[in-house]
Amino acid sequence: DARPDLGLADLSVGRADEAEQALAAAIRLAPGWVQPHVTLAYVRRWTAGTGDPQGLRARFEDQTLALSDRIGLGFALFKVLDDLGRPDEAWPVLEAANALAAAADPWSADQERALVDALIESFPVERFAGLERRPQGPGPTPIFVVGLPRSGTSLVERIFAAHSKVAGWGEPPAFQFQFREASRAQDRQKLTAELVRRAAGADWRRVAQAYLKDTAYLHAPDKPFAVDKVPANSLVAGALRLAFPNSPIVWVRRAPMDTLFSCYRIPIGGAYGWSSRFEDLAAHWAEHERLMAHWRSALGAGFVELVYEDLVADPEPHIRRLLQACGLEFEPGCLNPERSEGAVRTASMTQVREPISARGIGAWRAYAERLKPLRARLEAQGAT
């Protein structure tokens, strides 16, 4: 039971070889256990000599397995076939895995639109006019990194974590939890339009204090700043500003086709239930852009936009600008975020252990023909 967790722990701190050994040992001990097979698929870069995906295929097609297991196996099998350069085999598997994921976790564009309407109405531009910096109290100053999943937020978190004055916190759920608590709603499991309206009048100083208490186990006494990287905090950026008027909020943007295809190809689900169907991907992107345009207008100074493609094409000037905007001096170590210490437990945990590069730009083009419907939807909504 411990070996898959050990493998994930090794992987989260960049020890891929040790992770592979732990997962392979788990498979030897319990060949029928699905999760180690799934995780191992993501650890390895598969080549013709690495192994045969037929074992994964047989498990994925096993109708007796739990739905969650089949979903995980489908995405893992796609990853293996994609690594092997077999797109014609890989794509039907990816479509089937997403069909299962969509059935397991339905998503509503109407509910998303209502949520964004409620956020814009509850946190209007004029609410932030004249908002002044104030003493925060004990604890580090958070730097909040937001954006769509797979847009480069993990890379930016690692860039900050490489700085001597910044602690990397990864993705603590603390602010999302405190926002829900502030609503005093009966059902606090999901962010809804009703919950947002109930939370709008919260005592944001108290929310900030509760957040810092919830994250106290992460505080590093020698680091006056901390980076909190939760993509879903894009929704509550206005509340972040009211709770922490001294804190920068960094919005990482990436070309929509690369971002959305990257979401479509992995099992993120949960808060990201929009990731399994083209129409939902496009609808969510449009609502995300609408909300972020509002935050840009409302939050002004301290709301920092960073374009992923610009960052990876020419890292140093953009990292210098990013640090300066957050009140930090440039440090050369920030140019090598792959050397940052600490764990990363996101879908990018292997990529962030590599030097900054533009390798992932345009990855969707390998499936351009199959992605035409998604691209057409985005273009109809004004995406470039």
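Residues numbered from 1 in each chain as written. Predicted model: local features only at pLDDT ≥ 70, side-chain atom pairs only at ≥ 80, totals over all residues. Heavy atoms only, no water.

With that settled, the discussion passes to the nonpolar core. Inside soluble globular proteins, nonpolar side chains tend to come together where they are buried. Counting 44 residues, the largest nonpolar core has Trp91, Phe261, Trp274, Leu281, Leu371, Leu374 and Leu378 as the members making the most contacts within it. Within the residue set of this core, elements represented by two or more residues are helix H3 (34–43), helix H4 (54–60), helix H5 (67–83), helix H6 (87–104), helix H13 (256–264), helix H14 (278–299) and helix H17 (372–380). Other than its neighbours up to four places away in sequence, Leu281 contacts Leu260, Cys263, Tyr264, Trp274, Ser275 and Leu374. In this structure, Val116, Ala185, Val196 and Ala298 belong to the second largest nonpolar core, which totals 41 residues. (Core = buried A, V, L, I, M, F, W, Y, C linked by side-chain atoms within 4.5 Å. Buried < 20%, exposed > 50% of the residue type's maximum accessible area, 1.4 Å probe, protein only. Helix = DSSP H or I, 4+ residues; strand = E, 2+ residues; numbered from the N terminus. Contact = heavy atoms within 4.5 Å.)

For any two helices packed against each other, one specifies the crossing angle of their axes together with the interaxial distance. For the pair H13 and H14, the least separation of the axes is 11 Å and the interaxial angle reads 130°. Considered as vectors, H13 and H14 are oriented oblique to each other. The hand of the H13/H14 crossing is right-handed. On H14, the residues that touch Pro256, Leu260, Cys263 and Tyr264 of H13 are Phe278, Leu281 and Trp285. Within the contact of H13 with H14, the residues separate by chemical class into 7 nonpolar, no polar and no charged. (Axes fitted to C-alpha atoms, helices over the stretch in contact; angles between N-to-C directions. Parallel < 35°, antiparallel > 145°, perpendicular 65-115°, else oblique. Left-handed = near helix turned anticlockwise from the far one by under 90°. Nonpolar A, V, L, I, M, F, W, Y, C, P; charged D, E, K, R; others polar.)

This model, assessed by the stated rule, comprises 24 salt bridges. Measuring nitrogen to oxygen at the nearest pair gives 2.9 Å for the salt bridge that ties Arg158 to Glu157. Here Glu157 falls in the buried class, since its relative accessible area comes to 2%. For Glu171, the salt bridge identified is with Lys229, shortest N-O distance 2.4 Å. In this pair, Glu171 is assigned in the loop between strand S2 (166–168) and helix H9 (174–183) and Lys229 in strand S3 (residues 225–229), connecting sequence segments 58 residues apart. Since its relative accessible area comes to 37%, Glu171 is described here as partly exposed. Judged by its relative accessible area of 3%, Lys229 falls in the buried class. (Salt bridge = Lys/Arg side-chain N within 4 Å of Asp/Glu carboxyl O.)

For S3, a buried count of 5 out of 5 residues is recorded, marking the element as mostly surrounded by other parts of the structure. Burial along S3 is two-sided: the face carrying Phe225, Val227 and Lys229 and the face carrying Ala226 and Asp228 are both buried. Pairing geometry for strand S1 (residues 141–146) and S3, over 5 bridges, is parallel. Looking across to S3, one finds that Pro142 is bridged to Ala226. The pairing of S2 with S3 spans 3 bridges and is classified as parallel. Looking at the pairing, Ala167 lines up with Ala226 of S3. (Pairing = 2+ DSSP bridges.)

Before going further, it helps to examine the confidence of the model for the chain. Mean pLDDT over the chain: 91, with 97% of residues reaching 70 or higher. Mean pLDDT values over the elements of the chain span from 86, in H4, up to 98, in strand S4 (residues 249–253). (pLDDT = per-residue confidence, 0-100.)

Attention now goes to the sheet that holds S3. Across the sheet, 5 strands lie side by side as S2-S3-S1-S4-S5; this open sheet has parallel pairing. Edge positions in the sheet fall to S2 and strand S5 (303–307), since each of these pairs with one other strand and no more. Here the strands of the sheet are splayed against their neighbours by 25° on average, with no regard to which way each runs. Lying over the sheet, helix H16 (residues 315–325) contacts S4 and S5, oriented at roughly 170° with respect to S5.

Bringing H13 into the picture now. With 9 of 9 residues buried, H13 is to be regarded as a mostly interior element. Its buried side turned inward, H13 meets H5, H6, H14 and H17.

At a closest axis distance of 9 Å, the pairing of H3 and H5 adopts a crossing angle of 25°. On the basis of the axis angle, H3 is roughly parallel to H5. Between H3 and H5 lies a crossing whose hand is left-handed. On H5, the residues touching Val34, Val38, Ala41 and Tyr42 of H3 are Asp69, Gly72, Leu73, Phe75, Ala76, Lys79 and Val80. Tallied by class, residues from the contact of H3 with H5 come to 8 nonpolar, 1 polar and 2 charged.

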